[in-house]
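# Descriptive structure summary
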Amino acid sequence: MPKCNGGCLNFLRRTRNLLVTQSGIRSGNIELLQKAKESEPYRIVLETRLDADDGLRLNFIEHVQNDALHKFGSLKASPSPLDALKDLQGPNHLDSYKWFYWCTESLLKWYPHGNGERGQLHGEKRSNFCITPGLTIGFNVGTLVEHVPQYGHHELCQKLLGHDECKNTKVSKQEADEGLVCLVFVKGFVGAVRSRTESSAGTADIQMVKERNGRSQQDLLWDVLRKSFGVLNDTVTETKTYFDQNKKEIARENLEGQCRGDHSCKVSSSIQLNRIIKS
C-alpha cells in the first residue's frame, strides 16, 4: 500500500480532530478513510450519495462499478505511481473517460402515512433530473477533484448538457447528438427507494394519503421492494408504526437539525415541520 502524502495526512488529521471534538460525536471508520485516501492516486474512485432515510437496489453499486471499469478503460488497480502513469499512457486510456456521473432513473417512494398497514409506495421515473440516492461521481486514475465540474443534483443534468471534456478524445457525432456525454441514467431496473417522512429534508408531500395506485399495482411495488431491496414487510410495518407514534418528535428534531445558524433549510420545509409539531 502506498504511503499517504503530506496533504493527505493533513486532511486525515483535520477529519479525525473534527469527528472527535464536535460534542463527542463519533462517525465512520477513520482507518477505512485513511486507506481510501492513500489509494486515490492509483485507483479508480467512485463516490455514491445515499441519505440515511433512502435506499439502493441490492446490486446497484455493482452495476455502477462494472460500468465504471468499462468507461475508464481499466480492469485492475495500478499498484504504484509508475504503473498508474503507464496505464494513463496505454492504448486503453485513449478512448476512456477522465470522469463521469451516474444517476438513478427509476425509483420508489415510500409514504408511511398513506393507506394500509405499511403505508403506500409510488413508482416514478426521472429521465432528466438526478435524484440524490445513487448519484455517483467517478474519477479515473490521475483525475483530481478540482478538475471535475460539480453542481447540485437538481441542476446537474442541465449543466452537463453539451459537456464533453470528461472524455480523453473528441466525442463522436452520435454522442454529441445524444446530448449527455458525461452523465448516464441507470436504466432497466428500479434503482432507489426514497422515504417521504418527517425526517426528510424536503417535506412537500410527506402527508400524502390519496391512493396513488390500485391494490394490484401496490402489491407489485411491494414485491419489488422486498425482492430487489431486501426490505421485509414486517420491518416496514414496524417502521410505519414508529413514525405514526413519534412524528412530532421526529419533526422537531428535523427542524432543529436543518434550520440552524450554520445550515439553511427550505422555507416550505420549516412551515410544514412546524405545522406537524403543532398539530
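The structure this text deals with has already been given above.
Criteria and thresholds
- Residues numbered from 1 in each chain as written.
- Predicted model: local features only at pLDDT ≥ 70, side-chain atom pairs only at ≥ 80, totals over all residues.
- Heavy atoms only, no water.
- Phe/Tyr/Trp six-rings, centres within 6.5 Å; stacked < 30°, edge-to-face > 60°.
- Buried < 20%, exposed > 50% of the residue type's maximum accessible area, 1.4 Å probe, protein only.
- Lys NZ or Arg CZ within 6 Å of the ring centre and 35° of its normal.
- Helix = DSSP H or I, 4+ residues; strand = E, 2+ residues; numbered from the N terminus.
- Polar contact = N/O pair within 3.5 Å; in protein donor to acceptor, adjacent residues only side chain to side chain.
- Contact = heavy atoms within 4.5 Å.
- Disulfide = S-S within 2.5 Å.
- Salt bridge = Lys/Arg side-chain N within 4 Å of Asp/Glu carboxyl O.
- Core = buried A, V, L, I, M, F, W, Y, C linked by side-chain atoms within 4.5 Å.

### Description of the packing of aromatic side chains
All chains considered together, the criterion is met by 5 aromatic pairs. Ring centres 5.0 Å apart and planes at 75° place the aromatic pair Tyr-97 and Phe-100 in the edge-to-face group. Given a relative accessible area of 2%, Phe-100 falls into the buried group. Seen in terms of ring centroids, Trp-99 and Tyr-101 are 6.1 Å apart; in terms of plane orientation they differ by 80°. Their pairing is edge-to-face. For the residue pair Trp-99 and Tyr-101, the accessibility class agrees, reading buried in each case. Looking at Arg-118, its charged tip hangs above the ring of Trp-222, at a distance of 4.5 Å from the centre. Over the ring of Tyr-97 we find Lys-167; its NZ or CZ atom is 5.0 Å from the centre of that ring.

### What about the environment of Ile-276?
Relative to the helices and strands, Ile-276 resides in helix α10 (residues 267–278). Distance in space between the C-alpha atoms of Ile-276 and Arg-252 is 8.6 Å, their sequence separation being 24 residues.

### Observations concerning the side chain of Thr-143
Considering the arrangement of structural elements, one finds Thr-143 in the loop between β5 (136–139) and α6 (156–160). You can call Thr-143 buried: its relative accessible area is 17%. A polar contact is formed between the side chain of Thr-143 and the backbone oxygen of Lys-98, at a distance of 2.8 Å. For Thr-143, the residues in contact, after removing those within four places along its chain, are Lys-98, Trp-99 and Val-148.

### A closer look at the state of the cysteines
Inspection of every chain in the model, using the stated rule, returns 2 disulfides. Two residues, Cys-103 and Cys-130, share a disulfide whose sulfurs are 1.9 Å apart. Looking down the S-S bond of the Cys-103 and Cys-130 bridge, the torsion is 85°, so its handedness is right-handed. With a gap of 27 residues between them, Cys-103 in strand β3 (residues 99–111) and Cys-130 in the loop between β4 (120–125) and β5 connect regions that are remote in the sequence. Residue class for Cys-103 comes out buried when judged on its relative accessible area of 0%. Under the relative-accessibility criterion, Cys-130 is labelled buried at 0%. The partner cysteine of Cys-166 in its disulfide is Cys-182, sulfur to sulfur 2.1 Å. Here the disulfide of Cys-166 and Cys-182 is left-handed, its torsion about the S-S bond being about -90°. A residue pair is termed long-range when its members are at least 10 positions apart, and Cys-166 in the loop between α6 and α7 (173–178) and Cys-182 in the loop between α7 and β6 (183–195) qualify at 16 residues. Residue classification places Cys-166 among the buried residues on the basis of a relative accessible area of 0%. Judged by relative accessible area, Cys-182 falls into the buried class, the value being 0%.

### Re the pattern of salt bridges
Evaluated as defined, the whole model comprises 7 salt bridges. Close ionic contact of Arg-226 with Asp-223 constitutes a salt bridge, the shortest N to O distance being 2.6 Å. Here Arg-226 pairs with Asp-223, and both are found in helix α8 (residues 215–229), just 3 residues apart, close to one helical turn. The exposure class assigned to Asp-223 is partly exposed, which follows from its relative accessible area of 27%.

### Notes on the nonpolar core
Soluble globular proteins tend to pack their nonpolar side chains together in the buried interior. Grouped together as the largest cluster of nonpolar side chains are 31 residues, with contacts concentrated most on Trp-99, Tyr-101, Trp-102, Cys-103, Cys-130, Leu-156 and Leu-183. Of all elements in the fold, only α3 (60–71), β3, β5, α6 and β6 reach the threshold of two or more residues within this core. No other element matches β3, which puts 6 residues into this core. Filtering out sequence-adjacent residues up to four positions away, Leu-183 remains in contact with Phe-100, Tyr-101, Cys-103, Cys-130, Leu-156, Cys-157 and Leu-160. With 12 residues, the next largest nonpolar core counts Trp-110, Leu-121, Trp-222 and Leu-225 among its residues.

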